Amino acid sequence: MASLMANSMIAGRFFGAEGLAVMSIAAPFYFIFATIGSLTGVGGSVLTSHALGRDDIESSNKIFTLSVILSAAISILIGLICFIFLDPILNLFGCSDTIYADAHVYSAFFVIGGFGTTMFYLPYNFFKLTGRLNWLINLFLGMAVANVAFDIICVKIFGMGIEGIALGTVISNVGASFWGLKLLIKKDFKFVRGFDKKSALKLMKLGTPPALNNLLVFLRLAIMNRIIVAAAGSVGLAAFSVFSALENFSLVILSGLAQATSAFVGVFSKELDTVSVRRIEKNAHVIGMTLILILIAVIMIFPDGICKLFGIYDGEKLAVASEAAYIFAFSLPPSVCCFLMFFYYQAAGFTNLANILIFCRSFLFLVAPAYFLTPIYGLSAVWASLTIASISPL
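Small disclaimer: the values here were computed from a predicted structure and weren't measured. (Residues numbered from 1 in each chain as written. Predicted model: local features only at pLDDT ≥ 70, side-chain atom pairs only at ≥ 80, totals over all residues. Heavy atoms only, no water.)

**A few points about the overall build of the protein chain**
Put simply, the test is: Under the scheme used here, helices are H or I runs from DSSP no shorter than 4 residues and strands are E runs no shorter than 2 residues, and both carry numbers assigned from the N terminus. We call a residue buried when its accessible area falls under 20% of the maximum for its residue type, exposed when it is over 50%, and partly exposed in between, using a 1.4 Å probe and counting protein chains only. Only heavy atoms matter for contacts: two residues are in contact if any of them lie within 4.5 Å across the pair. Surface exposure here means Shrake-Rupley accessible area, sampled with a 1.4 Å probe, where a residue is shielded only by the protein chains that are shown. In this tally Asp and Glu are treated as negative and Lys and Arg as positive; neither His nor the chain ends contributes. Note that the charge is assigned to NZ on lysines, CZ on arginines, CG on aspartates and CD on glutamates.
Along its length, the protein chain carries 15 helices and 0 strands. Principal-axis analysis of the C-alpha atoms gives the protein chain an extent of 60 × 45 × 35 Å. Burial analysis of the protein chain (394 residues in total) assigns 56% to the buried set. A sequence separation of at least 24 residues applies to 80% of the contacts in the protein chain between residues at least 6 apart. Accessible surface for the protein chain amounts to roughly 16200 Å². Of this, 69% is attributable to carbon and sulfur atoms. In the protein chain, 24 side chains carry a positive charge and 19 a negative one; their mean positions are 11 Å apart.

What follows is the structure in structure tokens.
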């Protein structure tokens, strides 16, 4: 998700407001592959935590292998489908004629290599499960640095257009994913033969809460793009790109912290150790709120400066984007509680409840206010809808 923010900044710097508009139109593609990664990566790590809680090493290896197979097979299939039907999909996303050519070439590069986004969810979740947080941090930072470097190399040195940003992202994601898998296989897990259909279904069921969240984000972005284009055109899309980039950056904290707790909650829940579960959740809330309050302070003090990092300097565009960033900050405190709650219920076995809460926060109470209030209050209603949605599950 941090790569989305970096890509938006680079697109704004090199290609202006039109580049940011392309990022907004193409953003839903990321969440298609993130949905698959959450389904198989989070579900696999949670099911593996149950096996490790029983000291069943053989089952943990089978589940890890199953997670890899499902991640690769489903993401490659979805990438091919998106590539074949790219034109109608872009129309569905609300892509205008002025940016259609750039959006098409960017999206084509991204969906072909989208499996790299999906596969990264495996080391991302299994490193946390095995306690190798240093490896995870180094891998994540390495991917982020490589993403920026390859983006700039493709655009500035090789003279590519906005598709160079997509290619740089694909290269960094694929490289980080396979390096992380290599480390997991070398130190913690083994590939084993066989495909257990029952385990595959159980794995994907456990992964449905975070997968549903990403799927709903995908649907919401597609709908919100159309609402924003109707209300403010490319100016609104450029501001929405900044808004979405800040949201994605915050998810590194929100989702990362919540997913880190889920594996441990899963183990302790199976052991009926409620004291440890409560201690983990309390500490997670304290850490999450502390980090989020720092982020809120930065956004509220420097909204214009943040927007200028994305290449937005024009008076009207800067005013719209700054307002979006400022209003976004109000959604962050309730979001901490939401994400920790979602992943707690998922890990503790209350999957249906987790899915209902995610649906309310990620789609229903976000899209509905934006749809009905934007004709009255303009873009401010779009920016405020995330705060409304974040409060609703509480």
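**Focus: unusual backbone geometry**
Comment: phi is negative for the bulk of residues other than glycine, and the bulk of peptide bonds are trans. Positioned with a positive phi, Asp-55 is a non-glycine residue whose angle comes to about 60°. With respect to the helices and strands, Asp-55 occurs in the loop between α1 (2–53) and α2 (57–84).

**Some remarks on the side chain of Ser-250**
Our working rule: The definition of a polar contact used here is a pair of N or O atoms within 3.5 Å, where within protein one atom must be able to donate a hydrogen and the other to accept one, and adjacent residues in sequence count solely through side-chain atom pairs.
One can find Ser-250 in helix α9 (residues 208–270). Among the polar contacts listed, one links the side chain of Ser-250 to the backbone oxygen of Glu-247, at a separation of 2.6 Å. The contact partners of Ser-250, leaving out residues within four places of it in the chain, are Leu-295, Phe-328 and Leu-332.

**With respect to the packing of α2 against helix α5 (residues 115–129)**
Our working definition: Every axis corresponds to a line fitted to the C-alpha atoms, with the helix fit spanning only the stretch in contact, and the corresponding angles, defined between N-to-C directions, vary from 0 to 180 degrees. An angle counts as roughly parallel when it lies under 35 degrees, as roughly antiparallel when it exceeds 145, as roughly perpendicular when it falls between 65 and 115, and as oblique in every other case. In this scheme the crossing of two helices becomes right-handed for a clockwise turn of the near helix relative to the far one and left-handed for an anticlockwise turn of less than a right angle. Residues are grouped as follows: Ala, Val, Leu, Ile, Met, Phe, Trp, Tyr, Cys and Pro are nonpolar; Asp, Glu, Lys and Arg are charged; all remaining types, including Gly, are polar.
Where α2 meets α5, the axes come as close as 8 Å, and the angle between the chain directions of the two elements is 160°. In this view, α2 runs roughly antiparallel relative to α5, as classed from their interaxial angle. Considering how the two elements wind past one another, α2 and α5 form a crossing that is right-handed. In this structure, α2 uses Phe-64, Ser-67, Val-68, Ser-71, Ala-72, Ser-75 and Ile-76 to contact α5, whose residues at the interface are Phe-115, Thr-118, Met-119, Leu-122 and Phe-126. Among the residues making up the contact of α2 with α5, the classes are represented as 8 nonpolar, 4 polar and no charged.

**Topic: the pattern of salt bridges**
Inclusion rule: One speaks of a salt bridge when a side-chain nitrogen belonging to Lys or Arg is within 4 Å of a carboxyl oxygen belonging to Asp or Glu.
Tallied over the entire structure, the rule returns 4 salt bridges. We note a salt bridge from Arg-54 to Asp-56, for which the minimum N-O separation is 3.9 Å. Classification of Arg-54 by relative accessible area gives exposed; the value is 54%. Owing to a relative accessible area of 24%, Asp-56 belongs among the partly exposed residues under this scheme.

**Re the packing of aromatic side chains**
What counts here: Note on aromatic pairs: the rings of Phe, Tyr and Trp (six-membered ring only in Trp) are paired at centre separations within 6.5 Å, and the planes decide the class, stacked below 30 degrees, edge-to-face beyond 60, tilted for the rest.
The full count for this structure, using the stated rule, is 23 aromatic pairs. Note on Phe-240 and Phe-243: the rings are 6.2 Å apart at their centroids and 20° apart in plane angle, and the pair reads as stacked. Here Phe-240 pairs with Phe-243, and both are found in helix α9, just 3 residues apart, close to one helical turn. Per residue, the accessibility class of Phe-240 equals that of Phe-243, and both read buried. An aromatic cluster is present here, built from Phe-64, Phe-126, Phe-189 and Phe-191 joined pairwise through their rings.

**Here's the deal with helix α14 (residues 351–377)**
Side chains three or four residues apart in an α-helix point the same way, a direct result of the helix having 3.6 residues per turn. Our working rule: To estimate how far a helix should extend, the number of its residues minus one is multiplied by 1.5 Å.
Taking 1.5 Å as the rise per residue, α14 with 27 residues should run 39 Å; its terminal C-alpha atoms sit 36 Å apart, in good agreement. The positive-phi residue at the C-terminal boundary of α14 is Gly-378, with phi of around 75°.

**Here's the deal with the packing of α9 against helix α13 (residues 332–348)**
Here α9 crosses α13 at 50°, and the two axes come no closer than 7 Å. Between α9 and α13, the angle falls in the class oblique. Both α9 and α13 take part in a crossing whose hand is right-handed. Across the contact of α9 with α13, the residue classes tally to 15 nonpolar, 10 polar and no charged.

**Structural notes on the environment of Asn-213**
Turning to its location among the elements, Asn-213 is positioned in helix α9. Sequence separation of Asn-213 and Phe-363 is 150 residues, and the distance between their C-alpha atoms is 8.5 Å.

**As for a nonpolar patch on the surface**
This is how it is decided: Distance thresholds for patches are 9 Å for like charges and 5 Å for nonpolar side chains (Val, Leu, Ile, Met, Phe, Trp, Tyr), applied to residues having over 30% relative accessible area and no salt bridge.
On the surface, Phe-359, Leu-364, Phe-365, Tyr-371, Phe-372, Leu-373, Ile-376, Tyr-377 and Ile-388 cluster together into a nonpolar patch covering about 910 Å² of accessible area. With respect to the helices and strands, the residue Leu-373 is situated in helix α14. The class of Leu-373 is partly exposed, set by a relative accessible area of 31%.

**A short note on the side chain of Asn-61**
Along the chain, Asn-61 falls in helix α2. Here Asn-61 falls in the buried class, since its relative accessible area comes to 9%. Side-chain polar atoms of Asn-61 contact the backbone nitrogen of Lys-190, separated by 3.0 Å. Sequence-distant contacts of Asn-61, that is, excluding residues within four places in its chain, are made with Asp-188, Phe-189, Lys-190 and Val-192.

These figures come from the coordinates and say nothing about function on their own.
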